[in-house]
Amino acid sequence: MSFSLPGKLKAFVFGSPDGTNVYQNLENADVPVTTAECRSCADPCDQDHDDFSSKLNIDMDSDMLGSVKPYRRQVVISTGKTDWEHDVTKAEGTLAALLKTANSSSSTPKKPKPANDPLPSGLFLHTEAKKLAILNGSHRSFSHDESEETVIGAEALWKAALDPAIDRAGVTTRTDNLNTWVLPYSCLVLLCSHKRRDKRCAVAAPILEKTFHQYLEREGWEVHTDLYNLTSEPSLESRASSSTETEQLIETQLKSLHAERRALILKNSHVGGHKFAGNCIIYTPRGAGVWYGRVTPHEVESIVKHTIIDGRVLPTILRGGVDLPCRGKKTLYDW
């Protein structure tokens, strides 16, 4: 097998001190990491992969690790679209803009104390961040009530579930009519497709979606590209009367999801790092979020096998991630 990788990526793959240090640093931070190759096919490719990277100006030399900004939680708003205004939080009258306003007008939470043991660049714990990351997504809304996308509706959603100052179970004592459910998926795959921000992501996303779909189904997984309508299912609000009960319900459901072998793939708005297209984020039920860059169809099979199924990180394409350390655990799915 021959390789023609330039710059620092080539040095990493061939075992330079930098590459060895990255792997070792991740392992020392209790991140489940694998030494498996991120590319699963020969170079030149022998599997008819639709390789867009040769047609785009992708940065193959800069260090990607460390290119993710910390956030406490991330919201992906249903829009039914795959492209949006250049800055979704400045599109007047949209839920993204309204949430940005609610976020900006809220009192700033105290800055969390940093961890005793500093993590490798680009890695962070959600408990040590205070930002709400606001994205638009390709999934369609369950609701057709436009009155919910108002300043009052956005503020209610913010106060009930999105405020970085509150925990996962949200606020128990509420006067709104909002309902919440646990997403019934073993993993969530986000692919940046934001053309008006950068066409490289728009070219990459649909090709990667098709390839992820192909390899996940080959492994016997059920794959959705739109969110299953949960409104016919009992909401958390109807099943719990306290934050403790809500948290217990959430954790019980999340712990059961890995065995379901069901994936949700969504396209999303700009997450930064478009020069590293394709950009891919993978979330597991435990809350771990793995950010990969420079993803092409050549890497998808390895991502499916080693990250989505086995719960391990491929360091050569890692940009960063949230809650990746798993002290005393073997995979990103372990509790």
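Here the structure is a predicted model, which means the values were calculated and not measured.

Calculation criteria
Residues numbered from 1 in each chain as written. Predicted model: local features only at pLDDT ≥ 70, side-chain atom pairs only at ≥ 80, totals over all residues. Heavy atoms only, no water. Phe/Tyr/Trp six-rings, centres within 6.5 Å; stacked < 30°, edge-to-face > 60°. Helix = DSSP H or I, 4+ residues; strand = E, 2+ residues; numbered from the N terminus. Buried < 20%, exposed > 50% of the residue type's maximum accessible area, 1.4 Å probe, protein only. Patch = residues over 30% accessible without salt bridge, like charges linked within 9 Å, V, L, I, M, F, W, Y side chains within 5 Å. Areas by Shrake-Rupley, 256 points an atom, 1.4 Å probe, with all protein chains shown as cover. Salt bridge = Lys/Arg side-chain N within 4 Å of Asp/Glu carboxyl O. Lys, Arg positive; Asp, Glu negative; His and termini not counted. Charge placed at Lys NZ, Arg CZ, Asp CG, Glu CD. Expected span 1.5 Å × (residues − 1). Arc of directions from axis to C-beta. Contact = heavy atoms within 4.5 Å. Axes fitted to C-alpha atoms, helices over the stretch in contact; angles between N-to-C directions. Parallel < 35°, antiparallel > 145°, perpendicular 65-115°, else oblique. Left-handed = near helix turned anticlockwise from the far one by under 90°. Nonpolar A, V, L, I, M, F, W, Y, C, P; charged D, E, K, R; others polar. pLDDT = per-residue confidence, 0-100. Disulfide = S-S within 2.5 Å. Core = buried A, V, L, I, M, F, W, Y, C linked by side-chain atoms within 4.5 Å.

## Examining the packing of aromatic side chains
Then comes step 1: Overall, the coordinates contain two aromatic pairs when judged by the stated rule.
Then comes step 2: Between the aromatic rings of Tyr-71 and Phe-124, the centroid separation amounts to 5.2 Å while the plane-to-plane angle is 70°, which identifies the pairing as edge-to-face. In this pair, Tyr-71 is assigned in the loop between helix H2 (17-28) and strand S1 (73-78) and Phe-124 in strand S2 (residues 123-124), connecting sequence segments 53 residues apart. Grouping residues by exposure puts Tyr-71 and Phe-124 together as buried.
Then comes step 3: Ring centres of Tyr-71 and Trp-291 lie 6.1 Å apart, and the angle between their planes is 45°; this geometry places the pair in the tilted category. In this pair, Tyr-71 is assigned in the loop between H2 and S1 and Trp-291 in strand S8 (residues 289-292), connecting sequence segments 220 residues apart.
Then comes step 4: You can call Tyr-71 buried: its relative accessible area is 4%.
Then comes step 5: An aromatic cluster is defined as three or more aromatic residues linked by ring pairs; in this entry it consists of Tyr-71, Phe-124 and Trp-291.

## Things to note about a positive patch on the surface
Then comes step 1: Together, Lys-69, Lys-90, Lys-100 and Lys-131 make up a region of like positive charge exposed at the surface.
Then comes step 2: Of note, Lys-100 is situated in helix H3 (residues 95-105).

## Regarding helix H7 (residues 243-256)
Then comes step 1: Between its first and last C-alpha atoms H7 spans 20 Å; for 14 residues at 1.5 Å apiece the expected length is 20 Å, and the two agree.
Then comes step 2: Within H7 the residues assigned to the buried category are Thr-246, Leu-249, Ile-250 and Leu-254. Looking straight down H7, one finds that the buried residues subtend no more than 125° of arc, so they occupy a single side.
Then comes step 3: On the buried face of H7, the contacting elements are helix H6 (236-239).

## Observations concerning the packing of helix H5 (residues 199-218) against helix H8 (residues 297-309)
Then comes step 1: Where H5 contacts H8, the axes come no closer than 9 Å and their chain directions differ by 45°. Put simply, H5 runs oblique to H8. For the element pair H5 and H8, the recorded crossing hand is right-handed. Contacts between H5 and H8 pair Ile-207, Leu-208, Thr-211, Phe-212, Tyr-215 and Leu-216 from the former with Pro-297, Val-300, Glu-301, Ile-303, Val-304 and Ile-308 from the latter.
Then comes step 2: Class assignment of the residues belonging to the contact of H5 with H8 gives a composition of 10 nonpolar, one polar and one charged.

## Section: the confidence of the model for the chain
Then comes step 1: For the chain, mean pLDDT is 89; residues scoring 70 or higher make up 88% of the total.
Then comes step 2: Scored below 50 in pLDDT, residues 1-17 makes 26 contacts in the model with residues more than four places away or belonging to other chains.

## A look at the environment of Asn-268
Then comes step 1: Structurally, Asn-268 can be placed in strand S6 (residues 262-268).
Then comes step 2: For the pair Asn-268 and Asp-83, spaced 185 residues apart in the sequence, the C-alpha separation amounts to 8.0 Å.
Then comes step 3: Once you skip the residues sitting within four places of it in the chain, Asn-268 turns out to touch Trp-84, Leu-135, Asn-136, Gly-137, Leu-190, Leu-191, Cys-192, Ser-193 and His-194.

## Some words on H5
Along an α-helix, residues three or four apart share an orientation, since each turn contains 3.6 residues.
Then comes step 1: In a regular helix each residue adds 1.5 Å, so 20 residues correspond to 28 Å; H5 covers 30 Å between its end C-alpha atoms and thus fits that length.
Then comes step 2: Among all positions in H5, only Arg-200, Cys-201, Ala-204, Ala-205, Ile-207, Leu-208, Glu-209, Thr-211, Phe-212, Tyr-215 and Leu-216 are buried.
Then comes step 3: Summarising the contacts, the buried residues of H5 are in contact with strand S4 (187-192), strand S5 (222-224), S6, strand S7 (280-283) and H8.

## Brief notes about the state of the cysteines
Then comes step 1: What the rule picks out here adds up to zero disulfides.
Then comes step 2: This cysteine, Cys-280, is not joined by any disulfide, and Cys-187 carries the nearest cysteine sulfur, 9.0 Å off.

## Digging into the nonpolar core
Then comes step 1: In terms of nonpolar packing, the biggest core is built from 62 residues, with Val-189, Phe-212, Leu-216, Tyr-292 and Ile-308 touching the most fellow members.
Then comes step 2: If you tally residues by element for this core, the top one is H5, at eight residues.
Then comes step 3: In this structure, Phe-212 is in contact with Val-189, Leu-191, Ile-265, Cys-280, Val-300, Ile-303, Val-304 and Ile-308, ignoring residues within four places of it in sequence.

## Thoughts on unusual backbone geometry
Backbone geometry follows two general trends: most residues other than glycine have a negative phi, and most peptide bonds adopt the trans configuration.
Then comes step 1: In this structure, Pro-44 follows Asp-43 across a cis peptide bond, with omega equal to 10°.
Then comes step 2: With respect to the helices and strands, Pro-44 occurs in the loop between H2 and S1.
Then comes step 3: Residues Ala-277 and Gly-278 are joined by a peptide bond in cis, for which omega reads -5°.
Then comes step 4: When you line up the elements, Gly-278 lands in the loop between S6 and S7.
Then comes step 5: Phi at Asp-48 takes a positive value of approximately 55°, unusual for a residue other than glycine.

## Some words on the pattern of salt bridges
Then comes step 1: Applying the stated criterion across every chain yields a total of 16 salt bridges.
Then comes step 2: Two residues, Arg-196 and Asp-83, come together in a salt bridge whose shortest N-O distance is 3.2 Å. Here Arg-196, found in the loop between S4 and H5, pairs with Asp-83, found in the loop between S1 and H3; they are 113 residues apart in sequence, far enough to count as distant.
Then comes step 3: The class for Arg-196 is partly exposed, based on a relative accessible area of 45%.
Then comes step 4: A salt bridge links Glu-209 to Lys-267; the shortest N-O distance between them is 3.0 Å. Of this pair, Glu-209 sits in helix H5 while Lys-267 sits in strand S6, and the two are 58 residues apart along the sequence.
Then comes step 5: Residues joined in a network through salt bridges with shared partners are Arg-168, Glu-247, Glu-251 and Lys-255.

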